[in-house]
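Here is what each chain is made of, one letter per residue.
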Amino acid sequence: MEGIRLLLVDDEEEFRGTIAKRLTLRGISPEQAASGEECLSVLEKMPMDVVVLDVKMPGMSGIEALHHIKEKYPKTEVILLTGHATTLDGVEGIKAGAFDYLSKPIELDHLIGKIKHAYDKIRREEEKLKEAEFREKMEQQMIATERLASLGTLAAGVAHEINNPLAIIKESAGWMKLILKKDECAEIPRKQDFDMALNKIEKGVERAKRITLQLLGFARKDDSVLAELNLKELADEAIRLVTREAANKDIEIVQEMDIPGNTIWSDPYQLRQVLINLLTNAIHATGSGGNITIKLEVIGEEVALSVQDTGQGIPKENLERIFEPFFSTKSPGEGTGLGLFVTRGIVEKLGGKIEVESRLGHGTSFCIKLPKYLEVKEGLAGRDHTDILNKIIKMG
Amino acid sequence: MIKIPTRVLLVDDEKDFVEMLSLRLEEVGERVTPAHSGQECLEILEKDNIDVVVLDIKMPGMDGIETLREIKRRFPIVEVIMLTGHGTTETAVEGMKLGAFDYLMKPADFDDLAVKMEGARKRKDEQEERIRKAEATFLLRKSGNI
Ligand SMILES: Nc1ncnc2c1ncn2[C@@H]1O[C@H](COP(=O)(O)OP(=O)(O)O)[C@@H](O)[C@H]1O
Ligand SMILES: [Mg+2]
Ligand SMILES: [Mg+2]
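Cut-offs and rules
- Residues numbered from 1 in each chain as written.
- Chains lettered and ligands numbered in written order.
- Predicted model: local features only at pLDDT ≥ 70, side-chain atom pairs only at ≥ 80, totals over all residues.
- Heavy atoms only, no water.
- pLDDT = per-residue confidence, 0-100.
- Near = heavy atom within 4 Å.
- Polar contact = N/O pair within 3.5 Å; in protein donor to acceptor, adjacent residues only side chain to side chain.
- Areas by Shrake-Rupley, 256 points an atom, 1.4 Å probe, with all protein chains shown as cover.
- Helix = DSSP H or I, 4+ residues; strand = E, 2+ residues; numbered from the N terminus.
- Nonpolar A, V, L, I, M, F, W, Y, C, P; charged D, E, K, R; others polar.
- Donors = N, O, S within 2.8 Å, 3.2 Å for Na, K, Ca; no water.
- Buried < 20%, exposed > 50% of the residue type's maximum accessible area, 1.4 Å probe, protein only.
- Pairing = 2+ DSSP bridges.
- Right-handed = clockwise from strand over helix to strand, strands pointing away.

Visitor: Please set out the confidence of the model for chain B residue by residue, giving values where relevant.
Guide: On average, residues of chain B carry a pLDDT of 90, and 94% of them reach 70 or more. As scored by the predictor, the complex reaches a pTM of 0.52 and an ipTM of 0.79.

As structure tokens, then:
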């Protein structure tokens, strides 16, 4: 019963003192209160596991105090001490939620036994509660994962279907442009207007194509590859792909990747996509002259890869939403709102997780934690992303 | 310089796509025959002279891969460029193994298509040239022997 928090309430000071002393000798040092009122004010300051409560006290009676305790601190267990001839009080008390009662004069071993039982009950219930909470969390996670999986399938289907009409629009516009370039069309009135509109159509198609590609990139099934990869090299590659954009804004990209153990076993293409997404976002958010740090840490069997910028930061109300598909604060031509959605999808698929910290006006840091070894027991079959998702579901 | 048109067979179940891409290709001087299924594609190859087949992978009925296999079995000299969806690289790789010249992701870039068609056409011409030479040597040898 180590660490038990016990409160002893009795108006008879001598009796209370003796019991307290003897309990202390047995390893339980109780707090003390001399009345129902004092008992409640102690509880307000210090939560208790068990209260040993005299029933017959001047002022607030023990039964009254019990009602208050059970109402305000339902987890606290109460053992009543009744006078010898008043077992009725004990029965009343149990109806009101007391754990048990003892008639005075009491035997110490008896009391300790009851305290122990009460304490065990509390611990059992705490455990049960924890388990229920854990199960609920798991269930929520499963729902989220399943939703992500079906969303992925849906998105891929939609993207495929949209690509066909997109191809038709694209070829039609391209053909019209060809015709307009012919000599026979040299003289048609308002030719520039047609040219301008056709260019807009083509640009629109490009934009829609970007969206479908990103969606399919998230849901793609069959080119997940697992390999040993050097994260420093991966970062070099990703940085190279965004370096011009960064240079245009005079942003410096700093690497802190040169540490031992910077190789992991994972999917290089998808991880490169993740880094590109994070770096692009960081560049968009950072004003000229700012800098971006990409940093690697090894923590046990995990690696933590973070991309940190000195940009505008993310307002609190957006922090919850940035991973939603199509959530974007950028103009329609610039952002699809799919970057972080896809990024999180990939990271979770690879058995990792992504976290974000941000201070408005100071900068943002995205941190990805990944297992050093992504184990795929199903072998080649495990390359199918639904399999990996299933695994995640099973792992909870 | 007059461009020698490439004889293209364009196969896709999307009729509007076939129609518009045909018009566009014809506009830049190619000669296009449209087809809307794998079956139709093979029938046309039976009777017409085709340099390059542009073949959609996803079609109802006989799909692109099956069609490709049939083309390579019956008309090995004809070059095939596949049109695939994104995320189906594996299918594309399978197609390459079966002897396709190259593949493009839909919606494809017209200039990419032009470049790949040019390459396919060139490879076919070279193949034909080689066969012609081989046949000639063969005939020569044969007549020499007699
Ligand atoms: N490094 C960052 N700093 C500030 N805001 C960010 C950062 N990364 C992402 N965001 C916010 O999250 C939103 C969603 O990002 P993302 O999913 O990549 O879509 P997109 O970049 O196309 O808008 C962005 O529009 C932006 O508001
Ligand atoms: Mg983005
Ligand atoms: Mg099709």
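Visitor: Summarise the site of ligand 1; cite the residues concerned and give the values.
Guide: Residues and elements named next belong to chain A. Among the 19 residues in the neighbourhood of ligand 1, the closest are listed as Asn281, Ser328, Thr329, Lys330 and Leu340. For ligand 1, an oxygen atom lies 3.4 Å from a polar atom in the backbone of glycine 339. Alone, ligand 1 offers 530 Å² of accessible surface; in the complex the protein occludes 94% of this. If you list the elements that add at least two residues to the shell around ligand 1, you get α8 (268–285), α10 (339–349) and β12 (363–371). With three residues, the single largest contributor to the shell around ligand 1 is α8. Split by residue class, the shell around ligand 1 holds eight nonpolar, nine polar and two charged.

Visitor: Give me the lowdown on the coordination of the magnesium ion (ligand 3), citing residues and values where you can.
Guide: Residue and element names in this part refer to chain B. Within the protein, the atoms that donate to the magnesium ion (ligand 3) are Asp13 (OD), Asp56 (OD) and Lys58 (O), at distances of 2.1 to 2.3 Å. Coordination of the magnesium ion (ligand 3) draws on donor residues from a single chain, spaced D-x42-D-x1-K in sequence. Taken together, the positions of aspartate 13 in the loop between β1 (7–11) and α1 (15–27) and aspartate 56 in strand β3 (residues 52–56) put the pair 43 residues apart, joining distant regions of the chain.

Visitor: Outline the pairing of strand β3 (residues 50–54) of chain A, listing residues and values.
Guide: All names here are of chain A. Taking burial as the measure, the five residues of β3 include five buried ones, the bulk of the element. Burial of the side chains of β3 extends over both faces: Val50, Val52 and Asp54 are buried on one face and Val51 and Leu53 on the other. As paired strands, strand β1 (residues 6–9) and β3 are joined by four bridges and run parallel to one another. Directly across from leucine 8, in β3, lies its bridge partner valine 52. With five bridges connecting them, β3 and strand β4 (residues 77–82) associate as parallel partners. Among the inter-strand pairings, valine 50 is bridged to a residue of β4, identified as glutamate 77. A crossover connection joins β3 to the parallel β4 through helix α3 (residues 62–72); in handedness this β-α-β unit is right-handed.

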